[in-house]
Number of protein chains: 2
Amino acid sequence: MAVNLPPASGLLAVPGVELASLAAGIRYHNRKDLVLIRLAAGTQVAGVFTRNAFCAAPVLLARRHLARDQGIRALLINSGNANAGTGQAGLSAAEQCCAQVAQTLDLMPEAVLPMSTGVIGQALPLAPFAASMVPLRESLAADRWLDAAQAIMTTDTVAKGVSKQIQLEGKTVTITGIAKGAGMIRPDMATMLAFVATDAALDKAGVQALLDAAVAVSFNAITVDGDTSTNDACVLAATGQAGTGVIKSGSVAYEALGQALIEVCQHLAQACVRDAEGASRFIAIQVSGARSLAEARQVAYCVAHSPLVKTAAFAGDPNWGRILAAVGRSGIDDLDVSCIDLLLDDVALLRGGEPDPDYTEARGSAVAAQAEFTIRIALGRGAVSTTIWTCDFSYDYVKINAEYRT
Amino acid sequence: MAVNLPPASGLLAVPGVELASLAAGIRYHNRKDLVLIRLAAGTQVAGVFTRNAFCAAPVLLARRHLARDQGIRALLINSGNANAGTGQAGLSAAEQCCAQVAQTLDLMPEAVLPMSTGVIGQALPLAPFAASMVPLRESLAADRWLDAAQAIMTTDTVAKGVSKQIQLEGKTVTITGIAKGAGMIRPDMATMLAFVATDAALDKAGVQALLDAAVAVSFNAITVDGDTSTNDACVLAATGQAGTGVIKSGSVAYEALGQALIEVCQHLAQACVRDAEGASRFIAIQVSGARSLAEARQVAYCVAHSPLVKTAAFAGDPNWGRILAAVGRSGIDDLDVSCIDLLLDDVALLRGGEPDPDYTEARGSAVAAQAEFTIRIALGRGAVSTTIWTCDFSYDYVKINAEYRT
């Protein structure tokens with residue numbers, strides 16, 4: 001049951017983007033599992049992909065198609081099968097999927113980005129794709145975002161999407177994004193697929209720069225279980241149909257658009273954690289007083305990945321000894337424990353490395369019993385801060401992941 | 001329920017070592033929780049301790065006492081309370097415990113090594129220690145190893161200990177060791193306490209060198225959950241009472257003693273994994289073809305810590321996609337996936353990065369259904385190999401760690 005996360009609603013159409021979804025029977029029957037997205041001519045597209053060395057065939061192909069720089073006009077996203085660990089046959093299957101889309105929409109195959117999510121290591125069946133192309137084309141429409149958000153779900157329990165509108169240069173600009181992901185999630189990136197579109201006009205450099213900046217503080221600032229997927233991908237498309245001029249780096253409009261994009265991506269990224277496999281709590285980990293961002297993230301992720309911290313969180317147990325032990329093993333050179341403050345929300349547990357005299361178990365438990373709280377770690381050795389988001393570790397996480405393939 | 005691990009039995013006395021245990025009521029009543037060990041004059045002692053920056057008060061004090069190099073004559077080990085995260089008050093408590101032992105056995109306080117394990121962040125009550133000193137002294141005996149192994153248990157379900165005898169220089173030399181540890185376990189070291197004694201004669205450099213070598217391939221080659229404790233300690237005592245001369249580095253006897261010590265430490269370390277919290281399977285991870293030991297360990301631990309790999313193992317699911325994903329995200333530079341072989345025991349899953357044509361789900365499942373198996377990862381880029389040991393991740397791990405303090 002997702003933590004404070006209602007299903008996506010009110011998703012706004014983005015001029016220049018049409019979507020269609022259907023149940024192709026890739027892995028399950030009677031469950032939407034295939035999405036086709038058509039982008040208007042002139043759309044600028046950027047992507048960020050997993051850094052896992054074993055990246056999946058669709059990731060390899062999507063990177064290649066983006067690198068050709070001849071324009072992306074369509075995305076084909078399937079759930080149910082990740083087409084990962086499938087070797088040369090998998091790459092060939094991804095190529096054939098792109099060719100089918102290209103033929104159906106009268107495009108070059110290189111204009112199609114493939115994305116897959118689901119089980120790893122099984123051959124991708126091609127027949128469901130071939131049979132779906134014409135029905136997908138015939139149902140393309142601008143208002144099918146929610147259907148698409150539902151169709152890309154795997155172990156997700158809630159469809160994830162959000163829209164935001166801002167005024168730029170006197171025009172209303174829309175950003176709508178959808179995402180899936182609930183396990184095998186950590187930075188760089190997650191078993192996570194996200195597609196975000198805006199009708200703002202951006203050049204190629206701008207769309208990549210804004211995507212990179214937003215991903216750094218959203219999809220690359222979450223973790224469920226520390227497992228980086230083979231298939232992660234986040235794609236941003238800017239159709240340019242809002243009527244603005246091309247929004248250039250350094251302008252007020254560029255900053256405003258970048259901020260709105262961060263908000264959309266943070267909503268989607270946090271939604272993945274809120275809906276994480278078995279999650280019952282949504283936990284922010286805020287590390288301050290670090291000497292560098294790398295150091296702050298190292299401490300934050302060490303705490304976030306600790307099974308002992310996560311199981312204590314599941315129990316609503318303010319077990320600060322486990323947090324402290326995780327900070328202590330995070331590998332920071334010359335960590336001076338006598339400089340460290342540790343708080344749960346506003347309740348101080350440690351001040352200067354010593355137990356806070358005002359701390360009581362009752363005060364700690366009151367924070368830890370909440371569905372959402374923040375673990376605040378002040379290292380006292382620098383000026384850099386960061387925040388990441390994670391969840392607890394429950395019986396249901398084990399259940400979901402022990403039973404996923406059986 | 002421990003995996004193929006009967007309770008310790010047949011533990012042999014080590015001349016020069018006397019032990020006593022009792023139920024002091026440190027955390028629970030009617031449960032043995034305090035051990036006193038007296039070492040004969042002339043015993044050489046070495047220790048290896050946690051590298052966690054937040055190390056516990058007894059670790060700080062034990063390191064200080066060993067560094068003074070004036071001889072260690074006693075150990076005081078308690079379970080139920082780790083005396084960690086307790087600040088200056090905790091250090092003072094550890095000092096008072098050593099002083100009590102010193103007074104009782106007519107030693108200097110610096111001749112006493114304190115060791116504590118149990119809950120973190122609670123003040124160590126001193127009254128149970130004071131009341132126990134005389135009864136402990138009066139029950140010191142050479143044949144109380146099993147009692148001691150039982151008294152240091154926390155969430156352990158099985159008392160862990162082993163003895164081994166070898167012939168050196170025409171004399172029978174005994175090595176006996178005990179250990180505790182079942183969670184918060186990973187290299188450097190574990191929530192793990194171990195005490196190993198031999199009646200072989202070693203000089204100070206020799207006892208430390210042999211301990212370091214044995215720990216590297218035993219206690220520092222296991223992981224349960226990746227959490228490094230604040231209290232880990234492994235102490236080796238060489239009483240010299242077997243009648244051998246001092247065994248010098250480079251001699252045949254030194255090599256034989258070193259090998260026997262490795263076997264004792266590996267038994268104890270593997271026992272901790274076999275009895276890991278909630279464990280139902282004991283898994284070796286063997287990485288070969290690495291360019292360095294650091295690289296081999298990086299891959300092995302990344303797989304061993306993956307919650308997805310561990311939950312699949314719990315289910316007996318040969319989910320090689322998750323193993324592959326963990327190898328791929330382990331951070332090895334320029335990893336060429338086309339060189340990688342992956343096997344479960346002798347069943348090949350991947351050869352040269354491609355699915356093995358002879359692999360069937362039935363063959364993989366037959367291996368993964370066993371209580372013990374080996375995940376073999378050949379990187380194909382160098383000549384270095386290593387093996388570590390871990391376990392699966394079950395409902396009971398969550399249950400044990402969610403309920404430990406409540």
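Preceding this section is the structure that the text describes.
Since the model is a prediction, treat every value here as computed from it, not as a measurement.

Definitions and cut-offs
Residues numbered from 1 in each chain as written. Chains lettered and ligands numbered in written order. Predicted model: local features only at pLDDT ≥ 70, side-chain atom pairs only at ≥ 80, totals over all residues. Heavy atoms only, no water. Buried < 20%, exposed > 50% of the residue type's maximum accessible area, 1.4 Å probe, protein only. Helix = DSSP H or I, 4+ residues; strand = E, 2+ residues; numbered from the N terminus. Pairing = 2+ DSSP bridges. Axes fitted to C-alpha atoms, helices over the stretch in contact; angles between N-to-C directions. Least-squares fit on C-alpha atoms with pLDDT ≥ 70 in both. Contact = heavy atoms within 4.5 Å. Buried area = accessible area lost by both parts, 1.4 Å probe. Salt bridge = Lys/Arg side-chain N within 4 Å of Asp/Glu carboxyl O. Polar contact = N/O pair within 3.5 Å; in protein donor to acceptor, adjacent residues only side chain to side chain. Nonpolar A, V, L, I, M, F, W, Y, C, P; charged D, E, K, R; others polar. Disulfide = S-S within 2.5 Å. Arc of directions from axis to C-beta. Lys, Arg positive; Asp, Glu negative; His and termini not counted. Parallel < 35°, antiparallel > 145°, perpendicular 65-115°, else oblique. Left-handed = near helix turned anticlockwise from the far one by under 90°. Phe/Tyr/Trp six-rings, centres within 6.5 Å; stacked < 30°, edge-to-face > 60°. Lys NZ or Arg CZ within 6 Å of the ring centre and 35° of its normal.

### Here we look at the pairing of strand E3 (residues 44-49) of chain A
Residue and element names in this part refer to chain A. Buried residues dominate E3, accounting for 5 of its 6 residues. Bridging between E3 and strand E9 (residues 233-238) involves 6 bridges; their strand directions are antiparallel. Within E9, the position partnered with Phe 49 by the bridge is Ala 233.

### Comments concerning the sheet that holds strand E2 (residues 34-39) of chain B
Residue and element names in this part refer to chain B. Spatially, E1-E2-E4-E5 is the arrangement adopted by the 4 strands of the open sheet, whose pairing is mixed. Two strands in the sheet have a free side with no partner beyond their single neighbour: strand E1 (17-22) and strand E5 (112-116). Put simply, the sheet's adjacent strands are angled 15° from each other on average, direction ignored.

### Remarks on the relation of the copies chain B and chain A
Each copy superposes on the other: chain B lies on chain A with an RMSD of 0.0 Å after a rotation of 180° and an axial shift of 0.0 Å. The operation mapping one copy onto its partner corresponds to a two-fold rotation axis. Residues of chain B ranked by C-alpha distance from the rotation axis are headed by Tyr 395 of chain B, positioned 2.7 Å from it. A shared binding surface is used by both copies, with 100% of the interface residues of chain B retained as interface residues in chain A.

### A closer look at the interface of chain B and chain A
Across the contact, 52 residues belong to chain B and 52 residues belong to chain A. Approximately 4,400 Å² of surface area, both sides summed, lies buried where chain B meets chain A, with 63% of it carried by carbon and sulfur atoms. Counting across the chain B and chain A interface gives 0 salt bridges. Counting across the interface, chain B meets chain A through 4 residue pairs in polar contact (both at pLDDT 80 or more). For the side of chain B that touches chain A, the secondary-structure elements that each account for two or more residues are helix H2 (87-105), helix H8 (307-314), helix H9 (320-328), strand E13 (354-355) and helix H11 (395-403) of chain B. For the side of chain B that touches chain A, the residue count by class is 25 nonpolar, 16 polar and 11 charged.

### Describing the state of the cysteines
Residues and elements named next belong to chain B. For the structure on display, the rule yields 0 disulfides over all chains. Cys 55 takes part in no disulfide bond, and the closest cysteine sulfur to it belongs to Cys 98, at a distance of 14 Å. Free cysteine Cys 265: the closest other cysteine sulfur is in Cys 234, separated by 5.2 Å.

### Points about the pattern of salt bridges
Residue and element names in this part refer to chain A. Considering all chains together, one arrives at 26 salt bridges over all chains under this definition. The salt bridge involving Lys 248 is made with Asp 203; its shortest N-O contact spans 3.3 Å. One end of the pair, Lys 248, is in the loop between E9 and helix H6 (252-274); the other, Asp 203, is in the loop between strand E8 (193-198) and helix H5 (204-216), with 45 residues separating them in the sequence. A salt bridge links Asp 356 to Arg 351, with the shortest nitrogen-to-oxygen separation between them at 3.7 Å. Asp 356 sits in the buried class, given a relative accessible area of 14%.

### What about H11 of chain B?
What H11 of chain B keeps buried is the set Tyr 397, Val 398, Asn 401 and Ala 402 of chain B. Projected down its long axis, H11 of chain B shows its buried positions confined to an angular sector of 115°, all on one face. Contacts from the buried residues of H11 of chain B go to helix H8 (307-314), helix H9 (320-328) and helix H11 (395-403) of chain A.

### Some remarks on the side chain of Asp 199 of chain A
Residues and elements named next belong to chain A. Mapped onto the fold, Asp 199 is located in the loop between E8 and H5. Despite its burial, Asp 199 pairs with no opposite charge, the nearest such side chain being Lys 171 at 11 Å. Here Thr 174 takes part through its backbone nitrogen, which lies 2.8 Å from a polar atom of the side chain of Asp 199. The contacts of Asp 199, once residues within four sequence positions are left out, are Val 14, Pro 15, Thr 172, Val 173, Thr 174, Thr 239, Gly 240, Gln 241 and Ala 242.

### Comments concerning the packing of H8 of chain B against H9 of chain B
All names here are of chain B. Where H8 contacts H9, the two axes come as close as 9 Å, and the packing angle between them is 160°. In terms of orientation, H8 lies roughly antiparallel with respect to H9. In this structure, H8 meets H9 at a crossing whose hand is left-handed. Contacts between H8 and H9 involve Leu 308, Val 309, Thr 311 and Ala 312 from the former and Arg 322, Ile 323 and Ala 326 from the latter. Here the residues of the contact of H8 with H9 sort into 5 nonpolar, 1 polar and 1 charged.

### Some remarks on unusual backbone geometry
Residue and element names in this part refer to chain B. The phi angle at Asp 334 is positive, at roughly 55°, despite the residue not being glycine. Inspection of the secondary structure puts Asp 334 in the loop between H9 and strand E11 (341-344). The residue Asp 345 is not glycine, and still its phi comes out positive at about 50°. With relative accessibility at 23%, the residue Asp 345 sits in the partly exposed group.

### Digging into the environment of Phe 219 of chain A
Residues and elements named next belong to chain A. Tracing the sequence through the fold places Phe 219 in the loop between H5 and E9. You can call Phe 219 buried: its relative accessible area is 0%. Distance from Phe 219 to Ile 262, taken between C-alpha atoms, is 9.9 Å for residues 43 residues apart in sequence.

### A look at the packing of aromatic side chains
Between two aromatic rings, the relevant description is the distance of the centres plus the angle of the planes. Counted under the stated rule, the structure contains 5 aromatic pairs over all chains. Between Phe 314 of chain A and Tyr 395 of chain A, the ring centres sit 5.4 Å apart and the planes meet at 90°, which makes this aromatic pair edge-to-face. You can see Phe 314 of chain A sitting in helix H8 and its partner Tyr 395 of chain A sitting in helix H11, a full 81 residues away along the chain. The class for Phe 314 of chain A is partly exposed, based on a relative accessible area of 21%. A residue is classified by how much of its surface remains accessible, and Tyr 395 of chain A, at 26% relative accessible area, is partly exposed. Geometrically, the ring pair formed by Phe 393 of chain A and Phe 393 of chain B is edge-to-face, given 5.0 Å between the ring centres and 75° between the ring planes. Pair noted here: Phe 393 of chain A is in the loop between strand E15 (384-391) and H11 and Phe 393 of chain B is in the loop between strand E15 (384-391) and H11, and the two residues belong to different chains. Here Phe 393 of chain A and Phe 393 of chain B have matching classes, each one buried. Across the ring face of Phe 282 of chain A, the terminal group of Arg 274 of chain A is positioned such that the distance to the ring centre comes to 4.0 Å.

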